[in-house]
Amino acid sequence: MIPFILKALKLNIYITGAILALMVLILSTHESQAQRLLKGEKISSPNAKTKQAATKTSTINTRVLTDTIRSGKDSLSKAATDSLKKEEGLQTTVTYSASDSTIMDTEKQIVYLYGDATVKYGDISLQADYIQLNWDKNEVYARGTRDSSKVRAKGKPVFTQGSDKYDSEEIRYNFKSKKAIIQTIITKQGDGFIHGGKVKKDDEDNLYISDAVYTTCNLLHPHFSIRASRIKVVGKKEIVSGPFRFELNQIPIPLPLPFGFFPYSQPKESGKSGIIVPTYGEEPTGRGFYLRDGGYYWAASPNIGVRFTGQIYSKGGWGLGVNSQYVRRYRYAGNFNLAFTNNSNGSEITPQTRQDFSLQWAHSPQSRGNSSFSASVNIASNSYNQNNSYNTQNYISNTASSSVQYTKNFGQTIRTGISLRVNQNTTTKVFDAGTDFNFGLNQFQPFKKKNAVQERFIDQFRFGLNFNGSVSVTNVIANATNPFDFPVYTKGTDASSIVRPGDILTTTTITDRNQTNSKTTVITSDFNKIKDNAISTLKYDIPISLPNIKLTKYINLTPGMSLSGNVYTREYKYSYVKADSAVKIDTIGPAFKTPYQLSFSASMNTRLYGTMRFTKGRLQGIRHTMVPSISFSYTPDYTEQYYQNVRINNSSRVTLDSKGNYFLDKDGKPITSGDIRRVSIFDPTKTASLYGAASGSIGFGINNTLEAKVKSKSDTAAKESQKITLIDNFGISGSYNLIAQEYNLSNLSFTANSRVQKFDINLGGSLDPYLFVQDPLYPKVGRRVNEFMFSKGQGLARLQNFNFSLGRRFSPHGADKPKESKNGTEGQLKQINKNINDYVDWNVPWSFNFSYQFSLNKNGLATPETISGMTFQGDLSITEKWKFSVSSGFDFKNSGLTYTNLTVHRDLHCWEMNFNWTPVANPLYGRVSNYSFDLRVKSSLLQELKLSRRNSFYDRGGF
């Protein structure tokens, strides 16, 4: 029994040894293949069954070496993806993959990735053709591999961390220490690119780069660069370098600088704050050399940016300015600019100083909600544009207008609004300002039932309310003379205070306002006099819409009525003093008076059609549409509410009204002697029955449109025919006054517009039907008489004024579409499309706009005055990078060019060149001609790297 057991034990030992020898042989075979693979040698692919077994074994946590080998033609091979998390050091999961093969050395804890390899760890991503992942050292190493030619490398490492991206030849990164060593790097920092030979990255994201190049050109071999032996990128804030030099097209410029500091920050919504470098030069106006428009830009928030700038001159002048731009998406956008300058000529013999200011504010809302606020403010001192404006158009302009409006609606019924306006002439120093306010109720149907299914006749009644007021003031003060043609007291009934017609008033009274017939004075410093010259008005109106009436089937009759009037806060009473033969004016109030007048109106209109058909040719038919209309309005006489009959002298002459009756005084007693004047009880300056007088008129008009129907040229067209508008509108209108004693028929106005072959044609004018005759008192114009021209055989009417314009835009197909881009924000694209002529569109090879204007004015028999001019604007891209633009015009009356500007723009990839020349600013004078040349880097980070030359009306040029 024992010998048998010994034999069985020996047999088991032999079998075990054979199994162990076979296992050693298999392991030694796999190890040699792995070593050969690491050396880059090619290994024949095992069969599919072996691959599946090997892949399955790779998920077992043993100390054996497992590989996955892919043949170039094997369809079963796939990217091997695995994830491990080491307890010490790593904070999250490391994920890796490769498209060729993945080899794991579990004993050395190293993973080898081949072919489009990727490693991800948190916000870190590394891509390369070959990656080595060392778990023991918490380290990853990557490099590219050589292609079949053994010359060019492929799959170079690309290291990404957050928004930072690094292209390199070789990289080694430690997950635990967050440090890296990189060979031959290219990375983008802010708007710039950094090329480096060797880079060290510390755990605070600082980069230490040797043999470095900094540029904003995105080419591998940049057009320009700043080369330094060492550069340090401090976090994500700035770039600091040691001694450096410029290189243009890789040619060094022998002007080295000791150090460089380039602040930058990662792009953010609020933008970047920073210093604004000033411009410098010399002015010919006496202020000397200058530093101008330098300061600081503050990115206050994503919605607001503010520029603080200043200027200083060698002869003592200085200036300060604040400019802000703001925007809130879908709500509003605007800009604000405030400037103040203290100008000095620096002369010791005749020193001159002047302070100027300018305030500009533009605010534009987007329609949203029940309220809206908009502003367009342009206020400046009289000499600001001439002393401080660098824009040619502003320099030659002498007017400025400002307005601010606010409206708010309450529901669908109530509306309110207020506005402020200021107009200024810097030459005459005249300004006028005012505020307007309104309150109203939109028309509503008071008799309509809320849930009515069918509308009744009474439901069509509509009522509304309009209440308007204004306060206006001007510095044009009427000289205080007696505006009446009769004597008045200026102080009680003191005979010494009586002033005769045309006499100068010695005291300020209510009658020294609104003197349009007397000489005027422009007040520039006395605010109290300007304030006393203010005029306020209050008006109300209650429109009443009556139901529409259908006459027959084709005529619409729309009746209406309106109750309106003014609101006054004081009233005046006039008394004639027979002893002094003068009129005494007494003030009654303050009081709240609302005299009214009721007016009636009605209008009728219809539509007539006429068609002419054709059977030959492409023209199929022409349709004429005629829309005649007639209206009627009438207002009864309400002058008794507004005027008082005033006796003005002791004449024995008897004055009677139009009915042959005596005029009545304020107490209702007849005035039996003396001349009579009707004077407003609310405004003493009004001595004629203007307001509240009866009025009645009939208005008439006719509008025409002409359309053609044309057969398509091709039988395969989407539509068999198309409609073409020949005349968009041609109309003539006028009115007949039923109350006037003479000149009942008004001038006849006509308008017409059309679009023919993309040409926009507009014309308009007016015709005077009354006769003009020669008169020695009016030798040039003649005298208008109450006789129609046709009654004397001189035609139907005389052309009084005429306007004509013709324009067209020529451009390639699709050039007029709104500009779109993925690189700009919605606000930027809106600004570009709103001011399309201020930007260069390289996608449009050419465009040309022209417009011709002609106007004629003829007063009676006088020689007609004409204005004739043409303006044009065009641009041409000779090549993809060259853009030429020109804008000009010609004044045919003065035989000279109008404002002319020529621009040449050259895109130099990372640079740009601009040449701007204004040879003529006005046909009457050319003193504001100028030119400028700029060659600069596109990037705002190095915007001061430029070459400039200019010569303009405001300085002598400079680099």
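Residues numbered from 1 in each chain as written. Predicted model: local features only at pLDDT ≥ 70, side-chain atom pairs only at ≥ 80, totals over all residues. Heavy atoms only, no water.

> Explain the overall build of the chain here, please?
In terms of regular secondary structure, the chain is built from six helices and 63 strands. Every one of the 959 residues in the chain was classed for burial, and the buried ones make up 32%. Total accessible area computed for the chain in this model is approximately 58000 Å², and 55% of it derives from carbon and sulfur atoms. (Helix = DSSP H or I, 4+ residues; strand = E, 2+ residues; numbered from the N terminus. Buried < 20%, exposed > 50% of the residue type's maximum accessible area, 1.4 Å probe, protein only. Areas by Shrake-Rupley, 256 points an atom, 1.4 Å probe, with all protein chains shown as cover.)

> Explain unusual backbone geometry here, please?
Negative phi values dominate among residues other than glycine, just as trans dominates among peptide bonds. The phi angle at Q109 is positive, at roughly 55 degrees, despite the residue not being glycine. Structurally, Q109 is set in the loop between β4 (101-105) and β5 (110-121). You can call Q109 partly exposed: its relative accessible area is 33%. Unusually for a residue other than glycine, H909 sits at a positive phi of about 65 degrees. Residue placement: H909 occurs in the loop between β60 (900-908) and β61 (911-920).

> What's the story with the pattern of salt bridges in this structure? I'm lost.
Opposite charge on two side chains permits them to pair, given that their charged atoms come into close proximity. Going through the model one piece at a time under the given rule, you end up with 21 salt bridges. Across the pair K593 and E571 runs a salt bridge, and its minimum N-O distance is 3.6 Å. One end of the pair, K593, is in the loop between β41 (582-588) and β42 (596-605); the other, E571, is in strand β40 (residues 571-577), and 22 residues separate them in sequence. Classification of E571 by relative accessible area gives buried; the value is 17%. Of the charged contacts in the structure, one is a salt bridge between D907 and K938, with a shortest N-O distance of 2.7 Å. Taken as a pair, D907 in strand β60 and K938 in the loop between β62 (930-937) and β63 (946-951) lie far apart in primary sequence, 31 residues in all. For D907, a relative accessible area of 12% translates into the label buried. Take K938: its relative accessible area is 40%, and that puts it in the partly exposed class. What you see here is one network of salt bridges that share partners, running through D211, R227, R245 and E247. (Salt bridge = Lys/Arg side-chain N within 4 Å of Asp/Glu carboxyl O.)

> What should I look at first to understand the side chain of D768 in this one?
Structurally, D768 is set in strand β52 (residues 759-768). A residue is classified by how much of its surface remains accessible, and D768, at 5% relative accessible area, is buried. A distance of 2.8 Å separates a polar atom in the side chain of D768 from a polar atom in the side chain of R784. Not counting residues up to four positions away in its chain, the partners in contact with D768 are N747, R784, M789, A797, R798 and Q800. (Polar contact = N/O pair within 3.5 Å; in protein donor to acceptor, adjacent residues only side chain to side chain. Contact = heavy atoms within 4.5 Å.)

> Hey, could you run me through the state of the cysteines in this one?
Simply put, disulfide is the name for a covalent bond between the sulfur atoms of two cysteines. Within the structure shown, the criterion is met by zero disulfides. Here C217 stays free of any disulfide, with the sulfur of C910 as its closest cysteine sulfur at 3.5 Å. Judged by its relative accessible area of 5%, C910 falls in the buried class. (Disulfide = S-S within 2.5 Å.)

> Would you take a moment to explain the nonpolar core for this structure?
Soluble globular proteins tend to bury their nonpolar side chains together. Core analysis: the largest hydrophobic core is formed by 44 residues, its most contacted members being L113, V119, I131, L133, V140, V233 and I239. Those residues in contact with I131, other than ones at most four positions away along the chain, are V111, Y112, L113, A117, T118, V119, L126, V140, Y141 and A142. By size, the runner-up hydrophobic cluster in this structure holds 16 residues, among which are Y642, I648, I681 and F682. (Core = buried A, V, L, I, M, F, W, Y, C linked by side-chain atoms within 4.5 Å.)

> Would you mind going over the side chain of S868 with me for this structure?
Looking at where S868 falls in the secondary structure, it is placed in strand β57 (residues 865-876). At 2.8 Å, the side chain of S868 forms a polar contact with the side chain of Y852. If we skip the residues at most four places from it in the chain, S868 touches Y852, Q853, F854, F890, D891, F892 and K893.

> It is not clear to me how the packing of aromatic side chains should be interpreted in this structure. Could you clarify?
Geometrically, a pair of aromatic rings is defined through the distance of the ring centres and the angle of the planes. Across all of its chains, the model carries 33 aromatic pairs by this definition. Taking the centre distance of 5.5 Å and the plane angle of 15 degrees together, the rings of F788 and F790 count as stacked. The exposure class of F788 is partly exposed, given its relative accessible area of 27%. Between W882 and F884, the aromatic rings sit 6.0 Å apart at their centres with planes inclined by 15 degrees, giving stacked as the arrangement. For W882, a relative accessible area of 30% corresponds to the partly exposed category. Taken together, the ring pairs connect Y121, F159, Y166, Y173 and F175 into an aromatic cluster. Directly above the ring of Y290 sits R292, whose terminal nitrogen or CZ lies 3.7 Å from the centroid. (Phe/Tyr/Trp six-rings, centres within 6.5 Å; stacked < 30°, edge-to-face > 60°. Lys NZ or Arg CZ within 6 Å of the ring centre and 35° of its normal.)

> Would you take a moment to explain the environment of K573 for this structure?
Mapped onto the secondary structure, K573 falls in strand β40. Using a relative accessible area of 32% as the deciding quantity, one classes K573 as partly exposed. For the pair K573 and S680, spaced 107 residues apart in sequence, the C-alpha to C-alpha distance is 9.3 Å.

> Can you walk me through the pairing of strand β3 (residues 94-98) in this structure?
Within a regular beta strand, the side chains point alternately toward one face of the sheet and then the other, so they alternate between its two faces. On β3, burial follows the alternation: V94, Y96 and A98 on one face are buried, whereas T95 and S97 on the facing-out side are not. Bridge analysis of β3 against β5 gives four bridges, and the strand direction is antiparallel. Opposite Y96, over in β5, you have V119 as the bridge partner. (Pairing = 2+ DSSP bridges.)

> Where do I start with the environment of Q250 in this structure?
Here Q250 lies in the loop between β18 (244-248) and β19 (251-252). If we ignore the near neighbours within four places in the chain, the residues touching Q250 are H221 and P222. Side chain to side chain, Q250 and H221 meet in a polar contact 3.2 Å long.

> Whenever I open this one, the environment of S364 confuses me. Can you help?
As for its placement among the helices and strands, S364 is situated in strand β27 (residues 353-365). Along the chain, S364 and Y332 lie 32 residues apart, while their C-alpha atoms are 5.8 Å from each other.

> Could you clarify how one ought to interpret the confidence of the model for the chain in this entry?
The predicted coordinates of low-pLDDT regions are not to be read in fine detail. Chain-level statistics for the chain give a pLDDT mean of 79 and a share of 78% at 70 or above. Confidence drops under pLDDT 50 across residues 1-9; counting only partners more than four residues distant or on other chains, this segment forms zero contacts. Across residues 506-518, confidence stays below pLDDT 50; counting only partners more than four residues off in sequence or on other chains, it has 25 contacts. (pLDDT = per-residue confidence, 0-100.)

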